Amino acid sequence: MLWWFLILAVSTGVVVLVAVSLYLRVRRQMKRAAAGEKPEFDDSDE
């Protein structure tokens, strides 16, 4: 029964890390946009 709590803890940690990384990425892009810099796209190979 303990392994259920371990799985729940690990999956919760993954969700929190993904949410924080997305928040920081969006915040960084908003700061760049407010500063008037050109937005950078990851798919700029074309």
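Residues numbered from 1 in each chain as written. Predicted model: local features only at pLDDT ≥ 70, side-chain atom pairs only at ≥ 80, totals over all residues. Heavy atoms only, no water.

S.K.: Could you clarify how one ought to interpret the overall build of the protein chain in this entry?
M.R.: Of the regular secondary structure elements, the protein chain holds 1 helix and 0 strands. For the protein chain, the proportion of its 46 residues judged to be buried stands at 0%. Accessible area of the protein chain: about 4800 Å², with a carbon and sulfur share of 67%. (Helix = DSSP H or I, 4+ residues; strand = E, 2+ residues; numbered from the N terminus. Buried < 20%, exposed > 50% of the residue type's maximum accessible area, 1.4 Å probe, protein only. Areas by Shrake-Rupley, 256 points an atom, 1.4 Å probe, with all protein chains shown as cover.)

S.K.: So what exactly am I meant to see when it comes to the packing of aromatic side chains here?
M.R.: Two numbers describe a pair of aromatic rings. These are the distance of the centres and the angle of the planes. If you walk through the whole model with that rule in mind, you get 1 aromatic pair. Where Trp3 meets Trp4, the ring centres are 4.8 Å apart and the plane angle is 25 degrees; that geometry is what we call stacked. In this structure Trp3 comes out as partly exposed when scored by relative accessible area, which is 49%. (Phe/Tyr/Trp six-rings, centres within 6.5 Å; stacked < 30°, edge-to-face > 60°.)

S.K.: Before we go on, may I ask you to explain helix α1 (residues 2-35) in this structure?
M.R.: For an α-helix, 3.6 residues make a turn, and residues three or four places apart therefore share a direction. Look at α1: 50 Å from first C-alpha to last across 34 residues, which is about the 50 Å you get at 1.5 Å a residue. Of the residues one or two after α1, Gly36 is the one with positive phi, at around 85 degrees. (Expected span 1.5 Å × (residues − 1).)

S.K.: Can you help me understand a nonpolar patch on the surface in this one?
M.R.: The grouping of Met1, Leu2, Trp3, Trp4, Phe5, Leu6, Ile7 and Leu8 at the surface amounts to a nonpolar patch, some 990 Å² of accessible area in total. Mapped onto the secondary structure, Leu6 falls in helix α1. Relative accessible area serves as the criterion here: at 53%, Leu6 is assigned to the exposed category. (Patch = residues over 30% accessible without salt bridge, like charges linked within 9 Å, V, L, I, M, F, W, Y side chains within 5 Å. Salt bridge = Lys/Arg side-chain N within 4 Å of Asp/Glu carboxyl O.)

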